[in-house]
Amino acid sequence: QVQLVESGGGLVQPGDSLRLSCVASGRTFSSRGMGWFRQAPGKEREFVAAISWSGGRTQYTDSVKGRFTISRENAKNMAYLQMNNLKPEDTAVYYCARGGYSSGTTDVSGLYDAWGQGTQVTVSS
């Protein structure tokens, strides 16, 4: 069974940066897309970013385009989310997820078959 563990969250001020990391166990990491989702208090979980298995294709929700960058290192079973110019509305628990698909990217949460426990990101002055 694959396990995903996120790290790198914290309390930062508006305009600051954070890099989230996700380490995956299991042998299928490099053949699957990966995604990041987030859930703010009182809101539904929403898609943030996704990356194809090769890293050649990425997808972002509009609110983070130009500020967030998703990447991966298949040799290390790692995925990352670099978050720059953070805003208070980015405050949420961030989850990494392994895609149940083997090509492209998707923002559909139901197409991800493994999830981490989440890491809290709080942006506040």
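Refer to the structure printed above.
Just so you know, these numbers come straight off a predicted model, no measurement behind them. In every chain, residue numbers begin from 1 and rise along the written sequence. Local features are withheld for residues below a pLDDT of 70 in this predicted model, meaning they are given only at 70 or higher, and side-chain atom pairs are given and counted only at 80 or more; totals for whole chains, interfaces and linings count all residues. Hydrogens and water are ignored here; the side-chain numbers use all heavy atoms of the structure.

Draft legend 1. View of the pairing of strand β1 (residues 4-7). Accessibility here uses a 1.4 Å probe with only protein chains present; expressed as a share of the type maximum, an area under 20% marks a residue as buried, one over 50% as exposed, and anything in between as partly exposed. Think of it this way: any DSSP run of H or I at least four residues long counts as a helix, any run of E at least two long counts as a strand, and we number them from the N terminus. Burial along β1 is one-sided: Leu-4 and Glu-6 are buried, and none of Val-5 and Ser-7, which face the opposite way, are. Each pair of strands is called paired provided DSSP finds at least two bridges between the two strands. Relative to strand β3 (residues 18-24), β1 runs antiparallel, the two being bridged by four bridges. Opposite Val-5, over in β3, you have Val-23 as the bridge partner.

Draft legend 2. How the structure looks around the pairing of strand β5 (residues 46-51). Here β5 lies mainly inside the structure; five of its six residues are buried. In terms of strand pairing, strand β4 (residues 34-39) meets β5 through five bridges, oriented antiparallel. Across the sheet, the residue bridging to Arg-38 is Glu-46, located in β5. Adjacent in sequence and paired antiparallel, β4 and β5 are bridged by six residues, among which Gly-42 carries a positive phi angle near 75 degrees. In terms of strand pairing, β5 meets strand β6 (residues 58-60) through three bridges, oriented antiparallel. The residue bridging Ile-51 from the neighbouring strand is Thr-58, located in β6.

Draft legend 3. Highlighting the pattern of salt bridges. In what follows, salt bridge is the name for a side-chain nitrogen of Lys or Arg lying within 4 Å of a carboxyl oxygen of Asp or Glu. Tallying each qualifying case throughout the model produces seven salt bridges. For Arg-38, the salt bridge identified is with Asp-90, shortest N-O distance 3.0 Å. Placement of the pair is Arg-38 in strand β4 and Asp-90 in the loop between β8 (78-83) and β9 (92-99), with a sequence separation of 52 residues. As a salt-bridge pair, Lys-65 and Asp-62 come within 3.0 Å of each other at their nearest N and O atoms. Residues joined by salt bridges that share partners form a network here, namely Arg-38, Glu-46, Arg-67 and Asp-90.

Draft legend 4. Main features of the nonpolar core. Put simply, a nonpolar core is a bunch of buried Ala, Val, Leu, Ile, Met, Phe, Trp, Tyr and Cys residues held in one set by side-chain atoms that sit within 4.5 Å of each other. Judged by nonpolar contacts, the single largest core of 28 residues is most densely connected at Leu-4, Trp-36, Val-48, Phe-68, Leu-81, Met-83 and Tyr-94. Mapped by element, the contributors of at least two residues to this core are β3, β4, β5, β7 (68-73), β8, β9 and β11 (119-123). Considering each element in turn, this core owes the most residues, four residues, to β3. Throughout, a residue-residue contact means that at least one pair of heavy atoms, one from each residue, lies within 4.5 Å. In contact with Phe-68, other than residues within four places in its own chain, are Arg-38, Val-48, Tyr-60, Leu-81, Gln-82, Met-83, Asn-84, Leu-86, Asp-90 and Tyr-94. Listed in part, the six residues of the second largest apolar core include Phe-37, Phe-47, Ala-50 and Tyr-101.

Draft legend 5. Highlighting the layout of surface pockets. One number sums up the size of the largest pocket: a volume of about 190 Å³. In this analysis, the protein atoms alone were mapped onto a 1 Å grid. Cavities are point sets where a 1.4 Å probe fits without being able to get out; pockets are open sets with protein on both sides within 12 Å along at least five of seven lines; lining residues have an atom within 4 Å of a point. Forming the boundary of the largest pocket are 14 residues, of which Arg-38, Lys-43, Glu-46, Glu-89 and Asp-90 lie nearest the centre. Taken together, the residues of the lining of the largest pocket sort by class into three nonpolar, three polar and eight charged. Grid points are joined across faces, edges and corners, and a volume is the space filled by probe spheres set on the points. Residues are sorted three ways: Asp, Glu, Lys and Arg are charged, Ala, Val, Leu, Ile, Met, Phe, Trp, Tyr, Cys and Pro are nonpolar, and all the rest, Gly among them, are polar.

Draft legend 6. Expanded view of the sheet that holds β8. Strand order in the open sheet formed by four strands is β1-β3-β8-β7, and the pairing between neighbours is antiparallel. Both edges of this open sheet fall to β1 and β7, since each of them pairs with a single strand only. Between one strand axis and the next, the sheet turns through 15 degrees on average, direction left out of account. Pairing of β7 with β8, which is carried by six bridges, proceeds in the antiparallel orientation. Looking at β8, one finds that Arg-72 is bridged to Ala-79. Between N-to-C directions, angles cover 0 to 180 degrees, with each direction set by a line fitted to C-alpha atoms, over the stretch in contact for helices.

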